[in-house]
Amino acid sequence: MKFENLLIETVEGIAVVTVNRPQALNALNQQTLVELQGAFADLSNNEAVQVIILTGSGEKAFVAGADIAAMQPLSALDARQFAKLGHEVMGAIEKSPKPVIAAVNGFALGGGCELALACDIRLASEKARFGQPEVNLGVIPGFGGTQRLARLVGKGVALELLLTGDLIDAAEAYRIGLVNKVVPQAELLEAAKKMAARILSKGPCAVKLAKEAVRNGLEMDLDKANQYEADLFGLCFASSDQKEGMQAFLEKRTPRFQGN
Ligand code: CAA
């Protein structure tokens, strides 16, 4: 697939996907959403890619939201369709078998905050700002923000952000658990790549199943989720990674994982 609004570069198993519409602070229009959908389908099936980093071009914005100019004239049915497309994209990121790290380099607002929320891990630069300012525009979040934000930071804090539309800085985002780590702007991509490389050195089957266990288990009651975890734990023992990982420990050497 050819991309007009995305840059994708893969080096040593790590794909960096950059949303590239700097003239609109990387806002998500229909085409960019379709491109993200295609990119994540490709990358998820590409054996040469093991970890994905998602970021925005330039120093100002990660993604400043869904594209307001494109949304303004939409009918109710078209807006519902647009939100459904957004949900499909966020779902594709969340369900990707590859870990996805958001490297949030500036404004992550509205659909941009929702995009970061769909990723597995969020690293922020000191310049990042987060918010769900949709109420300023007379709408609510449409790409999962009401749900994923509340699940991540809790109902009360999420409702404060959703109802006031207030923006928060990276330090506050870290304090409320919206981001995992804050680093200087110049070090952001390197920090994301370092974390990706650490994940890459682990057993690939286990990494994939750990993501699956958390994602699906959180939607179940605790008994069912623990049963599910036990099933996936058992499944690990069908992999050569498990034999190699435990053998390497016993032989006091570094494991050589095959990812099967
Ligand atoms: N959609 C379309 N264009 C956008 C945009 C967006 N979400 N955000 C910024 N832009 C455009 C601006 O219109 C401007 O374009 P022009 O130069 O052609 O005028 C350009 O990007 C630069 O933006 P500003 O001049 O506004 O830059 P600033 O530094 O003064 O302000 C900002 C930065 C605070 C991020 C401000 O741009 C802003 O508030 N943007 C909108 C944020 C927002 O409300 N996001 C939520 C969108 S709704 C949504 O996302 C719904 C959903 O969940 C699906």
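Our subject is the structure that appears above.
Residues numbered from 1 in each chain as written. Predicted model: local features only at pLDDT ≥ 70, side-chain atom pairs only at ≥ 80, totals over all residues. Heavy atoms only, no water.

**A few points about the sheet that holds strand S6 (residues 107-109)**
Convention followed: A pair of strands is considered paired only if DSSP assigns at least 2 bridges between the two. Strands here mean DSSP runs of E at least two residues long; helices mean DSSP runs of H or I at least four residues long; both are numbered from the N terminus.
Strand order in the open sheet formed by 4 strands is S4-S6-S8-S9, with mixed pairing between adjacent strands. On the outer flanks of this sheet lie strand S4 (61-63) and strand S9 (168-169), each paired with one strand and no other. Here S6 runs beside strand S8 (residues 129-131); their pairing, made up of 3 bridges, is parallel. Bridging from a neighbouring strand, Phe107 pairs with Arg129 of S8.

**Details of the site of the ligand**
For clarity, the threshold we go by: Neighbouring residues are identified by heavy atoms, a residue being near a molecule or strand if any of them is within 4 Å of it. The definition of a polar contact used here is a pair of N or O atoms within 3.5 Å, where within protein one atom must be able to donate a hydrogen and the other to accept one, and adjacent residues in sequence count solely through side-chain atom pairs. Here, Shrake-Rupley sampling with a 1.4 Å probe gives the accessible areas, and only protein chains in the shown set may cover a residue. As a working rule, the residues Ala, Val, Leu, Ile, Met, Phe, Trp, Tyr, Cys and Pro are called nonpolar, Asp, Glu, Lys and Arg charged, and the rest polar, with Gly in that last group.
In the vicinity of the ligand, 22 residues are found, and the nearest of them are Lys60, Ala66, Gly111, Glu114 and Glu134. Here an oxygen atom of the ligand sits 2.8 Å away from a polar atom, N or O, in the main chain of Gly111. In isolation the ligand offers 980 Å² of accessible surface; the protein chains occlude 61% of this area. Of all the secondary-structure elements, those providing two or more residues to the shell around the ligand are helix H2 (68-71), S6 and helix H4 (111-118). Counted by class, the shell around the ligand contains 13 nonpolar, 5 polar and 4 charged residues.

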